[in-house]
Structure formats: structure tokens, C-alpha cells
Amino acid sequence: MAEHAQAESLALRVQFDTAEQQKDASTLGMWIFLITEIMFFGGMFAAYTVYRTWYPTVFAVASTSLNAPIGAANTCILLFSSFTMVMAVRAGQLGHQKMIVLFLVLTLLFGFAFLGVKAVEWNEKFEEHHIPGQAAFHLEGLPATQQGNAQLFFSLYFAMTGLHALHMVIGAGILMVLIWQARKGRFHAAYYTPVDVAGLYWHFVDIIWIFLFPLLYLIDRHLGK
Amino acid sequence: MITTAVQEREHYLNAGYGLKSWLLTKDHKRIGLLYLATITLFFFLGGAFATLIRVELLTPQGDLVSSETYNKLFTMHAVAMIFFFMIPSIPAVLGNFFLPIMIGARDLAFPKINLLSWYLLVAGGLFSLFAMIAGGVDTGWTFYTPYSTSYSNGWVIATALGIFIAGFSSILTGLNFIVTVHRMRAPGMTWFRLPLFVWSNYATSLIQVLGTPVLAVTIVLLFVERVFHLGIFDPARGGDPVLFQHLFWFYSHPAVYIMVLPAMGVISELISAYSRKPVFGYSFVAFSSVAIAVLGFLVWGHHLFVSGQSLYAGLVFSFLSYFVAIPSAIKVFNWTATLYKGSITYHTPMLYAFGFIGLFTVGGLTGLFLAALGIDVHVTDTYFVVAHFHYIMVGGTIMAYLGGLHYWWPKMTGRMYPEGWARLSALVIFLGFNLTFFPQFILGYLGMPRRYHAYPEEFQVLNVLSTAGASVLAVGYLMPMIYFIWSLRYGKIAPANPWGATGLEWRTASPPPLHNFDETPIVTHGAYDYTTVMGEEIEVG
Amino acid sequence: MGEFQLFPVQASSLAPEVDHLLYFLLAVTVFFTLLIFGAIFYFAIRYRRRSEKELPHVVHGGYTLEILWSVIPFGLTMVMFTWGASVFFAGARPPDNAMQIYAVGKQWMWKLEHMEGVREINELHVPVGRPIRITMASEDVIHSFYVPAFRTKQDVVPGRYTTTWFTPTKVGKYHLFCAEYCGTRHSGMIGWVYVMEPRDYENWLGGGAVGGSLAENGKLLFEQLACSNCHKDDNSGRCPTLVGLFGKDVQLSGGGRVKADEAYLRESILQPQAKIVAGYEPVMPTFTGLVNEDQVVQLVEYVKSLGPKPVTPANAAAAAPRAGSAVPAKK
């Protein structure tokens, strides 16, 4: 108990009156930050909505050229990583330091796996000449006059998945910091707010992907195709 | 009496000396002063660009600088002024300094993020400064595509990156303020006991947090198109250049409310303090701030009436633009009513407050012209618009900012500014401002387009008047620079409450102690309860 | 044109309407400005502090006053909105019998093209009293076609057509400005609109047609680019005939209909796969890069000349041969 009280007062910043106030403030702060992220990605979703409405067939053909099974696998990887993140927060609540570290590490590994798969995918796009802005761009299944419109799809694909991947990289960085701190014994049942709040961020990045996947990969898809 | 000599006791300014104590400070008051220094530099940079513009426009021909240089001047004038002066100004200087004190807190919720916000502004400023020195950017602060993505040869990316980074400064400040107001109010400080300055900054923070990210992603899209030749706005690939305009203005319209709402908050404080009366219609003024923040997000299309947007979209945006005018009108009426049966003095901050109300009224009413579809077709992209927004941003916000600086200078520095010189400069600014910008309304209706390096001869007289006004205005702005610095050493020592004003900031010493209060205050009455202040007979002046 | 003025001349049918709305707005502005300035001035003097210890009584606000000064301004703004919208709509839709002119904006000049083939650079001659409809394209960045004396302005956006229209009401010479920042010589992208008496306009027109009308040039291009290999008059080619097309509704494959207007024709030339006519294969190649906007205008005018036109007195007059002017030969 005394250990907890001491840890609590050590972590309590001077501007706050109680540990509870501090935790509340941190959590509210992260939620507000996530709302800003929704607005941030929102601009790209708006551009996507406009161009998909204008060029539905082009978007459908372009979407079909993406590797849906790999995208689906990546979706599962992220969902698992959110699960391990929740388990890390749970470990924090219970004060199981080793478990905090374990689950954070697993989350990080899943994150790296996702990024690795993404890199493979992007490389595939490069080899198939689906990189917009390059003279060699060509999407099969569409005539010459619609290649420009197809480039719009791929521009959005790279911009949106790129922005998402950047957020994953930042998330990975945050996880690494947390792992380091957790190994030094920083977190326990009375104080695990950074893990909690990082969890919110990680889940958010996951949810963005849950929207990106069907919008980019699954236009006009049918099972077995 | 709480008159205390600055030298004798510990306060936030002498709590630590040396560069590190400033550059690594977590004290919101010091951070406010760091911002003050930074934005003042950008103000004078933007002002220098404005000077060159106005001198060039003395003659109809483009003979002072080349066209390319002129285009860079107006672009960089706006970038410096909007992103590195106006948007931070009141929230990051006065808000940072006083919001925690006004709610009875020791600091903001996240002091380290507050410092990070300042560093982000500086970093963004350095990128933009680099772009300006390396050759400049000539796209206009609005960066319309495809000119900015495919045609301009200037330092578009560096400038855009500078703005992007500064945007995060704005977002984090907003986030900090929102959490602070929600979670850090002193015991007894209910929402409806908050000073209106806090309400305004809260509403501003909502806009900063919701709107700025859209600017950020717009810049990202601009970046990838210009650098990687991705085709988001490229008409050759079926992209829509007007989509850029929608995304850009979705932020940039609310941005103007980021610039004016805090100013309105300052005016509420000044009008009340120098009438020795509570603001008339407190809850209406408080809610009008939030209403402006919300409605401000719904009107961006009024910048696109002639851009190729559908007629019906135009109708909707025109209608909503009239809506957003009403809460501002409510404020103006309430401020005026506050004066009724008040006890009014003419200290410099009050002069600025009067100036604000008058000039904001004119600027706001000219917004009604622009919201009218039929008139906007004629005056959009002309000097009418330039005059309109300068009336609000310069005649409005900058006057409120100066008023607030004067009002709170004694609290921040422990020194009084020289009242005579200050009143004179307020008058000079008021006169210079009107001479600069009123002729521009006429020029706009006559048809002089904006961003014009050279213009037809018949517009010269009005341009000369405008430049004459600008030189007067420049003098007016230099004066406070000089006497504020002078006052730091030679100004009268300030008491805790030189104006006999209400508000928790006046219950603590001038300058305040490191953690703002010796003891956390317990709040028992509303923000503008003068009976208590007068009851304590705090020495005034 | 170099004299100082405080108010722009009214040279179109729209200008007085816009100015009347302006006067109303000015009146409201002046009223409220004087009201507020006056109240502040009066209160500031009447209620100035007379002794240091004076403490004013708190004046309590009430709902009535707040509602009053919200509702009345709101009512006024709704008048402004409605009036502004009606002026806007009046200026947005050209009458059917408007004379057609094309404008192409490019850095940093305006190219104006009359139907009869007369081309102007940075100048536009028009007859007084007739509605003029200008269909505009940009070859590069966004420009804006602004004639202050007419109170009209419309952005010119690359990748599409936009239109503006006016009926000049006063003979004279009026500024034409580009009103959307477009780069280095934005302020040099200016010119003049010359409004002439109809007779003078006809004389001017007659003397200027070099190289045939727009439609005639379009016909030449149509043959040079081998369009006639597929688009045969008798509908025997692989592609739909263009005779009688303009102005009709076209049934598209995949459902949907579209009106065959100038924008549709332009799109069909530059992005033929965007809309396929029902019952035909998507075999038309694109001409992007092979034709510039001027040439697209000529092709569009040629196709229009093949199509049914609404028979109005203006058209009937235009179709009748006139002495001394080039008249497009219609099929």
C-alpha cells in the first residue's frame, strides 16, 4: 500500500491536485487528440468519397487489382494486436509488470508484421506499374482514357495507407518507449495511465484500418473472385 | 493593500535565471512570454512585407519590384501574419498566461505539451522563414491548385511544411485548453462563473482541435501531389482543382473565428473592467462564442460562390453565412448595453475596446455584403474582400490584442505602461487603420482585383490614400514596441489590481508567484462581481 | 478611362440589380454603424466615472431584449439572403437566345472566339442589347473572367467548361480583369470589352473573320483527325452519328441519360470512355494531347452546327445569309 501511495505521489504532477484528476485529464486529452485524428483522416475520406462517386467503374476495377487476401490477413494481424494491447492494459490494472511487458512486446511484433506486409504490398504495386505519377503506370482492364482516373484511385490508396502506416510507425515508437519504461518498473495498478492512453491510440489506428480495408480493397468484390 | 515591489519577493520572473530556465520552462506564464517574443518578430516581418506592398501600390505600374517578387510579398505577408501572428496571438500569449489563473489553477493540464507547442511554432516559423529567405513562395496563402502543385516555381513545400508544423502547435494548444477548462477549475468555479475570456478561448480551442487537422491533411495532399506527382487535384487525370478549395476552406473559414473569438473574449473583459459592471447578458455572450464556433464550420462554401460550385450549394452556404452573423451581433449589442449606466474610464485598454466594437461592426456588416450571392459575384476576389477581412482582423483582433496587452501588462510584468503615450498610439492606430482600409472598400466595388501588382490609373488616388494610412498605422504600431520595452525598466511599479477589476488574476500579486496563487482560491461568486472588489477597497491606479 | 471615380459604371442589365441590393446593404450598414457608434459615444460620455468609489448598479439583462436584438437582425439578414439569391439566379442562367462566344484563358491572356471565326486576344467586341453567353475553358490554371461594369465574374477551371453571361446595356469600353491569382503576370491578364451599336458590331465582325468560322475550322479538324471514319452522317459507322445530336438526351450504357451539351461534347473528345452511348462499344480513342482547348471549341461548334437548333428569331436571322459576313455552312 505504502509503495502504491509513494508511486502515486511520485507520478503526480504539480499542476494536479489528485492522481484521479491527473488520470482523467490524460484520458480526456487522448480522446480529444483522437478526435483531431478523425478530422485529419477525414479529409482523405472526403476526397475518396468524391472520386469514387465520379468514377465508380474505375475504382471498382482498381480495387480488384489489390491483393484482398493479404489485406485481410493484415486486418487480422491488427485485430490481434489490439487484443494484445487490451491485455497489456489489463495487466497494468492488475499490476502484473512482466505481463505488461509481454503484451506490449507482442503488440509491437504484430505492428511490425503489419508494416512488413504493407511493404511487400507496396513493392508489388511498384512491380505491377501501379504507382501513380510514373510514366509507366498502367492498370489492366481499363482503356487508355481511364488510366488517369485510375491514377486517382492509387494516389488515394498510397496517401491513405501511407498516412496510416506513418501512424503505425509512431505507435510502434510509443510502444517501444512504454516497453522500456515498463521494464524499469514504472507501471503498476495505481499508475498505468500511459499504457491505457497509448492503448486508445493503438485501437484508433486499428479502427482507421478497419475502414480503409473495405473502402480500398473490397469495392465490387465477391467471394471466390 | 497588496502593492509589492517587484524586487522584494519571489515570483515567476525571478524564480530562475538563464537561458535554460526559459527554454526548458514548464511555466505557462513564461511560455506566454516566449510566444509574445516570437509572434512579435513575425508581426514585424509581415508588416515589412505589407510596407513593400503598399509602397509598390503607390503607382499604377509595377515599378518597385518585379511581378514575381510582388506575388511573393503578398503571399508571405499573409502566411507570416495569419499562421505565425494572428492565430497564436491572443490564445498563446494572453490565453496561456491567464487561462489557468482565471480558473484558479496552478498551470495548464499539460505544461510540457504547452512548451512543445511553442517549439512547434518556432520550428514551423523557421521552415517558413527559410522559404522566404531562400527565394519565397508566390502561390498566395491559399495555395490554390493546380498553380501550387504544378506551375509555381517557388518554395511551396517548405512553406507548406512550416504551416503544417505550426498547425500542430495550434492543435495542441487547443487540446490543452479544453482539458484544462474541463478538469482544472478551482473549487466553486462553475462554468457560469467563468470569465468570458475563458469561454471564448474554450470555443476557439474547439475550432483549433476540429479544424486544423483538415488543413494538415490538405497540406499532405498538396505535398504528395507536388513532390510525388500523385494526382489528387490534377485535372488531366480527372482530379478536381476545386476539391482543394473545399478542403482548404473547410479549415480556413473556421480559422478566421480562431482569430476573432479570443479577441471578443478580451473585449468582454475590458468593457466590464472599465465600466465597473458585469457584462450585460453574460450567458448569451458565453453561448454565442460556442454558437460561432459551431456555425463557423458550416459556411466554408461562401469562398466558392464563383468557383464552379453548384448554384444550390451557393444558396445553402449563403443562408448559413447569415446565420453565423447573428451571434456576433448579439455580442456587440451586449457590450454596448454593458456601458449603460456604467462607471466608465478612458484608459488605453478601453479605447482599444471602443475601437474594436466600432471597427468590428463595420467589418462584420461588410461580411453581410459578401454573404449576399448577387453582390459577392461582383466583389469576390477584389479589394472589397481585402478591406472586409482587414477590418475584422486588424481593426478587430489586433486592437483587442493590444488592448489586452495593455490591460494585463501590469500583471505580467509588474510595471505600468505610460498612459499618455499609450492613448496617443491607440488614436494613431485607429486613424491610420481607417485611412488604410476604408478606401479599399471603394476600390473593391470599383472592380480592382486583389493580388494585382499593377492596376489601371483611375485607381491610383484611392491607393495613395491607403498607403498614406499604412504609414500612419506603422507609426502607431511602433510606439507600443518602444514604450512597452521602456516600461520594463522605467515604468511605475504596478499594484496587484491597478484597474479595480474582478477576476482571479487580480487577486494575486503583480507579477504572479510561480504557481499563481499562494493558496488555491475557493470561488464563491460570479466573474464580474464588483461589490466584492469594491468592498475590499483595493487601491486603484 | 483614366479619371478618378468612386462608383463603377452600370453597363449591363444585371448591374442596376446588383447596385440596388448594394444600396440596401449600405443603408442597413450605415444605420447600425451609426447606432452602435452613437450609443457607445453617448454612453461613454454620459456614464463616465465621476468619483473613484462609485459603484454602478447592476443592470439585469432579460430574454426580451436578447430575443429582440437577435430576431430583428435575423429578419434583416433573411431579406438580404433572399434578395441576394434572386439577383444571383438572375445572373446565373443565360436566356436561350443568347449569342455564344468562347473564351480560353491561359497564362497570361484571354482568347475570345466568336462563332463566325473572329478571334480576339484580350479584347471582346459585343453588340449592345443582346444577351451574350461565354463558355470558358482554361489551358492551365484557374483564372476568372471579371467585367466590373457588368457585375459579372466566373472562375475558369482547367478540365471543364464554365459559363458566364450578360446583356450589355451601354455602348462603351470596359475593363476585363482576370480575378483569380494565376501566377506571375496575373495583373497583366487584362483587357477590354467593347460594347458597340449592333450595326457597328456587324461591320466590325465582317472585317475580321480570318480563316473561317469556328464551325468551319471544326469541320476541317473533324476530317483531319479521321473522326468521320467512325462518325458517319448516315449512322453506318461503328459510332453514333453526330447529326442532330446537340441538345438531345443521350441514353448511356449502364442506364442513365445525359444531355448532349457543350460539356458532354468536350468530355467525349477528351475522355471518351467516361460515358458510353447505349448499344455501342467503347472504342473511341482519346484526343487529349492531340487537340488544345481552342480546337476542342472548334470541334464542339462543328458538331453543334450539325444538330437541331431551337428555332428562334435570332437563329433564323443568323441562318439567313448576310452581305459581307462569313456564315457557317450548315449541313
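On a predicted model such as this, the values are computed, not experimentally measured, just so you know.

**Student:** Could you give me a rundown of the nonpolar core, with the residues and numbers involved?
**Tutor:** Judged by nonpolar contacts, the single largest core of 327 residues is most densely connected at A:Leu156, B:Ile267, B:Phe356 and B:Ile357. Top element by residues in this core is helix H3 (residues 67-103) of chain B. It accounts for 23 residues. Shared between two domains, this core holds at least three residues of each, these being domain 1 (99-206) and domain 2 (214-310) of chain C. Residue contacts for B:Ile267: discarding those within four places in its chain leaves B:Trp335, B:Ala353, B:Phe356, B:Ile357 and B:Ala400.

**Student:** Report on the pairing of strand E1 (residues 99-106) of chain C, specifying residues and quantitative values.
**Tutor:** Residues and elements named next belong to chain C. Most of E1 sits out of view: six of its eight residues are buried. Across seven bridges, E1 lies against strand E5 (residues 132-138) in parallel orientation. Bridge pairing in E5 places Gly105 opposite Ser138. Of the pairings in the sheet, the one linking E1 to strand E2 (residues 109-114) comprises six bridges and is antiparallel in character. The residue of E2 that forms the bridge with Ile101 is His114.

**Student:** Which residues make up the packing of helix H6 (residues 147-183) of chain A against helix H7 (residues 193-217) of chain A, and what values go with them?
**Tutor:** All names here are of chain A. As a packed pair, H6 and H7 sit with axes 10 Å apart at the nearest point and diverge in direction by 160°. Between H6 and H7, the crossing angle belongs to the class labelled roughly antiparallel. Crossing handedness for the pair H6 and H7: left-handed. Counting all contacts with H6, which are made through Tyr157, Met160, Thr161, His164, His167, Met168, Gly171, Ile174, Leu175 and Leu178, the residues of H7 involved are Pro194, Val195, Ala198, Tyr201, Trp202, Val205, Ile208, Trp209, Leu212 and Leu216.

**Student:** Hey, could you go over the interface of chain A and chain B for me, with residue numbers and the actual values?
**Tutor:** Each partner contributes residues to the interface: chain A has 30 residues there, and chain B has 34 residues. Only helix H2 (19-54) and H6 of chain A provide two or more residues apiece to the side of chain A that touches chain B. The leading source of residues in the side of chain A that touches chain B is H2(A), at 17 residues.

**Student:** Quick rundown of the sheet that holds strand E9 (residues 172-178) of chain C? Include the residues and the values.
**Tutor:** Residues and elements named next belong to chain C. Spatial ordering of the open sheet is given by E4-E10-E9-E6-E7, a layout of five strands whose pairing is mixed. With one partner strand each, in any of the chains shown, strand E4 (123-127) and strand E7 (152-156) form the two edges of the open sheet. Between one strand axis and the next, the sheet turns by 20° as a mean value, whatever way the strands run. Each of E4 and strand E10 (191-196) touches helix H3 (residues 198-206); the most contacted strand, E4, lies at about 130° to it.

**Student:** Run through the domain arrangement of chain C, naming residues and quoting values.
**Tutor:** Residues and elements named next belong to chain C. The domains assigned to chain C are domain 1 (99-206) and domain 2 (214-310). A separation of 26 Å is found between the C-alpha centroids of domain 1 and domain 2. Counting residues per element, the ones that place at least two in the side of domain 1 that touches domain 2 are E1, E2 and E5. Residues of the side of domain 1 that touches domain 2, tallied by class, amount to five nonpolar, two polar and four charged.

**Student:** Help me get a handle on the interface of chain C and chain B, residues and values and all.
**Tutor:** Counting from both sides, the interface comprises 74 residues of chain C and, opposite them, 74 residues of chain B. Those elements that provide at least two residues to the side of chain C that touches chain B are helix H1 (15-46), helix H2 (63-92), strand E6 (143-147), E7 and E9 of chain C. Ranked by residues supplied to the side of chain C that touches chain B, first place goes to H2(C) with 16 residues. Broken down by class, the residue content of the side of chain C that touches chain B amounts to 41 nonpolar, 20 polar and 13 charged.

Parameters and conventions
Residues numbered from 1 in each chain as written. Chains lettered and ligands numbered in written order. Predicted model: local features only at pLDDT ≥ 70, side-chain atom pairs only at ≥ 80, totals over all residues. Core = buried A, V, L, I, M, F, W, Y, C linked by C-beta atoms within 7 Å. Buried ≥ 20, exposed ≤ 12 C-beta atoms within 10 Å, placed from the backbone. Helix = DSSP H or I, 4+ residues; strand = E, 2+ residues; numbered from the N terminus. Domains from an automatic or database assignment. Contact = placed C-beta atoms within 7 Å. Pairing = 2+ DSSP bridges. Axes fitted to C-alpha atoms, helices over the stretch in contact; angles between N-to-C directions. Parallel < 35°, antiparallel > 145°, perpendicular 65-115°, else oblique. Left-handed = near helix turned anticlockwise from the far one by under 90°. Nonpolar A, V, L, I, M, F, W, Y, C, P; charged D, E, K, R; others polar.

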